[in-house]
Amino acid sequence: MNMLTTLQRIVQEVNRIPELDRALQYLVSTIKATLQVDSCSIYLANYDAQHHVLTATDGLSPDAVGTVCIGFSEGLIGLVGQREEPLNIQDAHHHPRFKHYPEVKEEKYNAFLGVPIIHQRRVLGILTMQQRDQRRFSADEEAFLVTLATQLALEIAHANMFGELMFSEAHATPTVAQVINGVPASTGLGLGRGYVPVLSADIEKVIHRKAHNVSEQIVLYRQAVDATRKEVAQLSSNLDESLPEDVKAIFVLYDQLLDANSLGREVEAQIKQDWDAATALKLVIQDYAARFKAMDDPYMQERAVDIVDLSNRILKHIMFDDSHTALPKGDLIVVAEELSPTLLAEFPQEHLKGIITIRGSQNSHAAILARAMGIPAVMGVSSILPNLLHNKTLFIDGYAGSITVSPSKAQENECAILIAEEDALYERIDAQKDLPTVTKDSHPMDLFVNAGLAAEQELKDNQNIMGVGLFRTEIPFMMRERFPSEDEQYAIYRGILQAHPEKPITMRTLDVGGDKPLPYFPIVEENPFLGWRGIRMTLDQPEIFLVQARAMIRASEELTNLQILLPMVSSLNEVREAKRLLQQAFYEVKEESNKNRTTLMMPKLGVMLEVPAAVHIMSQLAKDVDFFSVGTNDLTQYLLAVDRNNPRVSALYQSYHPAVLQVMQHIAEQAELLNKPVTVCGELAGDPAGALLLMAMGYTKLSMSAYNVRKINWVLRSVRLYSAQHLLSEVLNLSDPQVIKSHLDAYLESHQLGGLVRAGS
Ligand code: PEP
Ligand code: MG
């Protein structure tokens, strides 16, 4: 058997074994037998106690399991953990770091190979092999162990995380609240009950747990079976009498399985072994499904699927009580795989206190959406299944990117105090939102809003807002089930343009692709952010571009405030091509308007500076366009080669990276030189420290979500231009983005602005 097959077989088998300890024991025995070594062991790290605990072994003394603990800086095990790399030595006893632990009984072994088990830069444990012979383990053996350790890391990380969370709050033993970390995606604090809009139960994903309350678990299981029986009866009565025989047979099978004497007996037997109801069901079902799959008759083999389906139905009733489908009362924190505008739109806003998603990162469009609505969000929480947070009390800290699950009463009170402090700060900010945006040394700044969601209201309410700096037209496209017609688009655009005839409204042509999918126009690509996105797509589909352009231009009849902005431009040809289409649309509409004797103006045209190439050809682009708008979200992603939507690299997505700051400074200088207006419409403009740096660089127009406008107004009014310029010059001399961040935070603190970037006043 080749190595890959062996490896896959081992990992598969390990995954199947319920308890982590037992799985690890199986693992060490298999490795020992497969590689024909004398001993194989696993030590797991305990960070609270700062030591590794021998958790499984085949070759060392079994009595030592669970009792021998080796300090993080002790012995060879400690050394592997400290160095975070394999240690392969032929004579362990003579190694300077060797430390003798009599309990493990390893005197006879000489050769030692230890590899660290690492997940997300954290050492979770050490996997070792030992042998009597004085020899170095071969490169193949070492490679095998390293590969296995990488796979094992994920299993251990998940087992650690799921362990605590599988308790429903009602059954929980009082333990320390679990804190889960993700990517901070929208600042703010929220307290509420977790709510998963689409609950799903998947028997495969059940993590094995012991329960120790047999009678309660049996009741839980029986109630779930009763509920499932009703559901199945309902289902079959809804179906037509003339059903094919094999479909009817499925219901007969369900009925038989739900009978207390069949599945029930076996599941209850497992519960009596102290498994919780979900685990017991899983153990039995896996067994059943395997037996069906092994049958010769293909018809019977396929029944395995039905069995799993039925078990998922039962599991759903075990995991969630009947109230789950109705929207619970009170404050809620939505927990979802991914956030979409539609999901948010359906939710009662007054009860929405936070958002947690498995996917996405700090500048995903989902995060921008959450920020625009002023709802705290933590994204990229990839170590968790949404269902596990359903109906639990959650405290979300959108500054730090952390979620506290089932906080104690005392912790809950502390959270409530922090929330009250935050509310008080925003009340003060709101009270001054209409004061003009001028620094303490009288430097005026123009604030615009990013629209797409309901911005009209904010624009009306706040005289300080100079106009719309970026209207993401794709949002209304995403909310539909087909492309909006020209008239539908016209109505949207006309609404905004007409409501604020004196304010410039910058409408960006459709920017779909990347992480903004249209449900009715799927684009499947390996690298969507480097793919068919924005202007690239609309130039290839001129019918879509022209309809949109016509709708915009028609909407501007008798008005002078429309500006059109092109997204994702990377070459002059794209601008010229787009210009040609815009002119075509303009002349078509003009002909109609001439008939109606209405006036029509060719709108001003701008390009987004968000692809680094566009920055380098600003002087060429300047001849063909009227203005620039910097999209720092994409500019950062393309400059740093960090996918803005990938939580795995979120720590590398650094808005204050020296490269980003220098490019931003360069753009400001170029725009000045070329005498072209420039706005910043990426998220950096709505970030307290970002806005200060941009002002210091010379930008005077910043566009941000309506929610952020009042905050940035407050920030800019709290400082002097010259002090921001001083800050910028200091920061431009620093090379480490983390150090830059701390420097900026310290500046905000010293200007009483710290409450905008962390919890607490
Ligand atoms: C940007 O890239 O900074 C930007 C404003 O556009 P979007 O976030 O919609 O890509
Ligand atoms: Mg962009």
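For the structure, see preceding data.
This one's a predicted model, so the numbers in the text were calculated from it and none came from an experiment. (Residues numbered from 1 in each chain as written. Chains lettered and ligands numbered in written order. Predicted model: local features only at pLDDT ≥ 70, side-chain atom pairs only at ≥ 80, totals over all residues. Heavy atoms only, no water.)

Draft legend 1. Structural view of the coordination of the magnesium ion (ligand 2). Every protein donor of the magnesium ion (ligand 2) is listed here as E610 (OE) and D634 (OD), and their distances to the metal cover 2.0 Å. Placement of the pair is E610 in the loop between strand 19 (604-609) and helix 19 (612-616) and D634 in helix 21 (residues 632-640), with a sequence separation of 24 residues. One exposure class covers both E610 and D634, and it is buried. (Donors = N, O, S within 2.8 Å, 3.2 Å for Na, K, Ca; no water. Helix = DSSP H or I, 4+ residues; strand = E, 2+ residues; numbered from the N terminus. Buried < 20%, exposed > 50% of the residue type's maximum accessible area, 1.4 Å probe, protein only.)

Draft legend 2. Structural detail: the packing of aromatic side chains. Considering all chains together, one arrives at eight aromatic pairs under this definition. Ring centres 5.4 Å apart and planes at 75° place the aromatic pair F586 and Y587 in the edge-to-face group. Look at F586 and you get buried, because its relative accessible area is 6%. According to the relative accessible area criterion, Y587 is exposed, its value standing at 54%. One aromatic cluster in this structure is built from F477, F483, Y520, F521 and W532. If you follow R291 out to its NZ or CZ, it ends over the ring of Y288, 5.0 Å from the centre. Between the NZ or CZ atom of R554 and the centre of the ring of Y490, over which it lies, the distance is 4.4 Å. (Phe/Tyr/Trp six-rings, centres within 6.5 Å; stacked < 30°, edge-to-face > 60°. Lys NZ or Arg CZ within 6 Å of the ring centre and 35° of its normal.)

Draft legend 3. Geometry of the site of ligand 1. Lining the immediate surroundings of ligand 1 are 17 residues, of which H365, R472, R508, N633 and R644 lie closest. R472 has a polar side-chain atom sitting 2.8 Å from an oxygen atom of ligand 1. A distance of 2.9 Å separates an oxygen atom of ligand 1 from a polar atom in the side chain of E610. With the chains in place, 100% of the 280 Å² that ligand 1 exposes on its own is no longer accessible. For the shell around ligand 1, the secondary-structure elements that each account for two or more residues are helix 11 (365-372), strand 16 (465-472) and helix 21. For the shell around ligand 1, the leading source of residues is helix 21, giving three residues. In terms of residue class, the shell around ligand 1 is built from four nonpolar, five polar and eight charged. (Near = heavy atom within 4 Å. Polar contact = N/O pair within 3.5 Å; in protein donor to acceptor, adjacent residues only side chain to side chain. Areas by Shrake-Rupley, 256 points an atom, 1.4 Å probe, with all protein chains shown as cover. Nonpolar A, V, L, I, M, F, W, Y, C, P; charged D, E, K, R; others polar.)

Draft legend 4. Summary view of the packing of helix 8 (residues 277-293) against helix 9 (residues 298-319). Orientation of helix 8 relative to helix 9, taken along the N-to-C sense of each, is 170°, at an axis distance of 8 Å. Of the possible angle classes, the one that applies to helix 8 and helix 9 is roughly antiparallel. Where helix 8 approaches helix 9, its residues A277, A278, L281, I285, Y288, A289, F292 and K293 are matched on the opposing element by M300, Q301, R303, A304, I307, V308, S311, I314, L315 and I318. In the contact of helix 8 with helix 9, the residues fall into 14 nonpolar, two polar and two charged. (Axes fitted to C-alpha atoms, helices over the stretch in contact; angles between N-to-C directions. Parallel < 35°, antiparallel > 145°, perpendicular 65-115°, else oblique. Contact = heavy atoms within 4.5 Å.)

Draft legend 5. Just the pattern of salt bridges, in detail. Following the criterion strictly, the structure yields 31 salt bridges and no others. Residue R554 is joined to D487 by a salt bridge in which the shortest nitrogen-to-oxygen separation is 3.2 Å. Within this pair, whereas R554 is found in helix 17 (residues 542-555), its partner D487 is found in helix 15 (residues 486-499), the two being separated by 67 residues in sequence. Residue R554 is classed as buried on the basis of its relative accessible area of 18%. Shared partners join several salt bridges into a network, and the residues in it are E474, R508, D511, K516, R533, D634 and R644. (Salt bridge = Lys/Arg side-chain N within 4 Å of Asp/Glu carboxyl O.)

Draft legend 6. Examining the state of the cysteines more closely. Counted according to the given criterion, the structure contains zero disulfides. For the unlinked cysteine C69, the closest cysteine sulfur is that of C40, found at 19 Å. In this structure C69 comes out as partly exposed when scored by relative accessible area, which is 29%. (Disulfide = S-S within 2.5 Å.)

Draft legend 7. Structural view of the sheet that holds strand 2 (residues 51-58). Strand order in this open sheet of six strands is 3-2-1-6-5-4, and the pairing throughout is antiparallel. Of all the strands in the sheet, the pair left with one neighbour each is strand 3 (69-71) and strand 4 (87-89). Adjacent strand axes in the sheet meet at a mean angle of 20°, parallel and antiparallel pairs treated alike. Sheet topology note: the strand 4/strand 5 (residues 111-119) ladder contains three bridges and is antiparallel. By the bridge assignment, N88 is partnered in strand 5 with L113. (Pairing = 2+ DSSP bridges.)

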